[in-house]
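# What the coordinates show
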Amino acid sequence: MKKLTWAGLLILLFTLALTACGSGISDEAGAGQNAAGNANAASANPAADGNAAGNGQAAGTGTRTLEYLGQTYQVPAKVERIVITGSMESMEDALVLDVHPVGAISFGGAFPERFAKVTDQAESIGEKIQPNFETILKLKPDVILGSTKFPAEVAEKLGKIAPTVLVSHLAVDWEANLNLLAELTGKQAEAEKAISEYQSDLEKAKAELTGKLQDQNVLAVRIRTGKLFIYPKTVFLNPILYEDLGLKAPAEVAAAKAQEEVTVEQFAAMNPDYLFIQFASDENQETKTALDEFLNDPIVKNVNAVKNGKVFVNVLDPLAEGGPAWSRIEFLKAAQERLGE
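The text that follows walks through the structure, step by step, so that each part is easy to find. Predicted, not measured: the structure shown is a model, and the values here were computed from it.

### Digging into the side chain of T164
With respect to the helices and strands, the residue T164 is situated in strand β9 (residues 164–167). Only 3.2 Å separates the side chain of T164 from the backbone oxygen of L158, close enough to count as a polar contact.

The structure is reproduced here in C-alpha cells:
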C-alpha cells in the first residue's frame, strides 16, 4: 500500500511539472505576439515612435494627441520650436497664421523675400527637398513638418529627431494643412477666420465673374527651362480657376494627368481668352529670354488673350505652390481684378 502511495505521488508531481512548463511556454509566446503587435502599431506612425503616450493628454508626459488626415500623432503639449522641411505648403501656411519656425526651407541658401515676415527667427535647414539632418537636430525642434513627397527613408530619419508630420502636397488638402499648423500653434481662431474670409470673397468673385466668363477660355501655364507647361485641374492655380470659381477647364487641362509640356502649336489650338503665366528666373537659368520669345512668337501673337491684351504674368509669386491657403487668397484677389477687366 505504501509503494502504491509513493508511486501515485510521483506521477502527480510529474504531471504538475509538465502543466507548469506548458503554461510558461504559452504565456511567453503570447507576450511575444503582443510585443510584435505593439511594434507594428508604432511603426505605422513614425511620428509617434518614442512618444507612445496613449490617447489625449497623457498625465505627466506633456504630450497630446493630434489628428491629421486620418493619422494620429503624439506631439508635445506645447509646441514652440517648429522646423519646416520639404513642405512649401507649410511655409505658405506660416505666412497666413504668422507662425515663425526655428528652421525653414531656403532657395540657393537664402529665404525668398515673400517669407521674410516669418523667417526672421529661422535658420536654413536645407533646400526644398534636401533637408540637412545635422542642422535640424541642432535646432532641437518640438515638431518637424515634412512633406508627403519625401521618400520613406527621409521621413524615418526625421522621425528619429522629433515627432514628424508629413504634410500633404495635394491642393485638395489645403484646409486640413492650415488647420494642422493652427492646432500645433494654438492659432485655430486665425485659421478659421482665414478660411471663412476666403470662402466669402470667393462667393463674391463667382457672382461677379460667372456670367461674364461663361463662354471664355481661361488658362494658367508655367514656363520652366524654356518650355511651356500645363497642369491637371487639381494642381497649380487650376483648383482656384476651375473648382473654386467654377470656370470651364480647357479639354487639354481636363485630360492632363500631371505636369505636361505643350508646344506652341498645341497652345495656339487651345486659344485662351485669358492667360495667366508664371515665370521664375530661378527655373529658367539658361533660358532667361524664354518669356519674351514666347510672347513674340508669331503663332502666339494670334491667340485671343495676346491679341486682346489679356495676358497676366506673375500675378502671384512665380514660385508659389498655388494650392495652399496663401496662394488661394492672393491669387483669388489677382484673378478677380484681372478677369473683371
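### A few points about the sheet that holds strand β14 (residues 311–313)
Here 5 strands make up an open sheet; going across it, the order is β12-β11-β10-β13-β14 and the pairing mixed. The sheet is open, and its two borders are formed by β12 (260–262) and β14, each paired with just one other strand. Between one strand and the next, the sheet's axes are offset by a mean angle of 35°, whatever the strand orientation. Summarising the sheet, strand β10 (residues 218–224) and strand β11 (residues 227–230) pair through 3 bridges and their orientation is antiparallel. Bridge pairing links R224 to K227 in β11. Contacts from helix α13 (residues 325–339) reach β10, β13 (274–279) and β14 within the one sheet, and its direction differs from that of β13 by about 140°.

### Regarding the packing of aromatic side chains
Following the criterion strictly, the structure yields 5 aromatic pairs and no others. Ring centres of F276 and F312 lie 5.3 Å apart, and the angle between their planes is 40°; this geometry places the pair in the tilted category. In this pair, F276 sits in strand β13 while F312 sits in strand β14, placing the two residues 36 residues apart along the sequence. A single burial state applies to F276 and to F312, both of which are buried. Between the aromatic rings of F276 and F331, the centroid separation amounts to 5.2 Å while the plane-to-plane angle is 70°, which identifies the pairing as edge-to-face. Residue F276 is found in strand β13, and its partner F331 is found in helix α13; the two are separated by 55 residues along the sequence. With respect to burial, F276 and F331 carry one shared label: buried. Among the aromatic side chains, those forming a connected cluster through ring pairs are F276, F312 and F331.

### Here's the deal with the packing of helix α2 (residues 88–97) against α13
Helix packing geometry: the angle between the two helix axes and the distance between the axes. At a minimum axis distance of 7 Å, the contact between α2 and α13 shows a crossing angle of 65°. Compared by their axis directions, α2 and α13 come out roughly perpendicular. Side by side, α2 and α13 meet where E92, D93, L95 and V96 of the first sit next to A325, W326, S327 and I329 of the second. When grouped by side-chain class, the residues that make up the contact of α2 with α13 number 5 nonpolar, 1 polar and 2 charged.

### What about unusual backbone geometry?
We note that D98 has phi near 55°; this positive angle belongs to a residue other than glycine. Structurally, D98 is set in the loop between α2 and β4 (103–104). A positive phi angle, near 50°, is found at N314, a position not held by glycine. Within the secondary structure, N314 sits in the loop between β14 and α13. Take N314: its relative accessible area is 29%, and that puts it in the partly exposed class.

### Some details on the nonpolar core
Burial of nonpolar side chains together is a common tendency in soluble globular proteins. Counting residues in hydrophobic clusters, the biggest one holds 89 residues, and the most contacted among them are L145, L219, L241, F276, F331 and L339. Other than its neighbours up to four places away in sequence, L241 contacts V218, A220, G246, L247, F276, F331 and L339.

### Comments concerning the pattern of salt bridges
Evaluated as defined, the whole model comprises 11 salt bridges. Residue E156 pairs with K160 through a salt bridge whose shortest N-O separation is 3.9 Å. With E156 and K160 both in helix α4 (residues 152–161) and 4 residues apart, the pair spans about one turn of that helix. On the accessibility criterion, K160 (66% relative accessible area) is exposed. Between E283 and R224 there is a salt bridge whose closest N-O contact spans 3.0 Å. One end of the pair, E283, is in the loop between β13 and α10 (290–295); the other, R224, is in strand β10, with 59 residues separating them in the sequence. Of the residues examined, E283 reaches a relative accessible area of 17% and is grouped as buried. One salt-bridge network, in which partners are shared between bridges, spans E92, R114 and D317.

### Examining the packing of α2 against helix α5 (residues 174–185)
Relative orientation of the contacting elements α2 and α5 amounts to 65°, with a least axis distance of 10 Å. Taken as a pair, α2 and α5 cross one another with a handedness that is right-handed. In this structure, α2 contributes E89, S90, D93, A94, V96 and L97 to the contact, and α5 contributes N177, L178, L181 and A182. In the contact of α2 with α5, the residues fall into 6 nonpolar, 2 polar and 2 charged.

### Considering the pairing of strand β1 (residues 63–68)
Inspection of the sheet shows β1 paired to strand β2 (residues 71–76) by 6 bridges, in the antiparallel sense. Residue T63 lies in a different strand from β2, and its bridge partner there is P76. What sits between the antiparallel neighbours β1 and β2 is a turn of 2 residues, in which L69 has the positive phi angle 50°.

Criteria and thresholds
- Residues numbered from 1 in each chain as written.
- Predicted model: local features only at pLDDT ≥ 70, side-chain atom pairs only at ≥ 80, totals over all residues.
- Heavy atoms only, no water.
- Helix = DSSP H or I, 4+ residues; strand = E, 2+ residues; numbered from the N terminus.
- Polar contact = N/O pair within 3.5 Å; in protein donor to acceptor, adjacent residues only side chain to side chain.
- Pairing = 2+ DSSP bridges.
- Axes fitted to C-alpha atoms, helices over the stretch in contact; angles between N-to-C directions.
- Contact = heavy atoms within 4.5 Å.
- Phe/Tyr/Trp six-rings, centres within 6.5 Å; stacked < 30°, edge-to-face > 60°.
- Buried < 20%, exposed > 50% of the residue type's maximum accessible area, 1.4 Å probe, protein only.
- Parallel < 35°, antiparallel > 145°, perpendicular 65-115°, else oblique.
- Nonpolar A, V, L, I, M, F, W, Y, C, P; charged D, E, K, R; others polar.
- Core = buried A, V, L, I, M, F, W, Y, C linked by side-chain atoms within 4.5 Å.
- Salt bridge = Lys/Arg side-chain N within 4 Å of Asp/Glu carboxyl O.
- Left-handed = near helix turned anticlockwise from the far one by under 90°.

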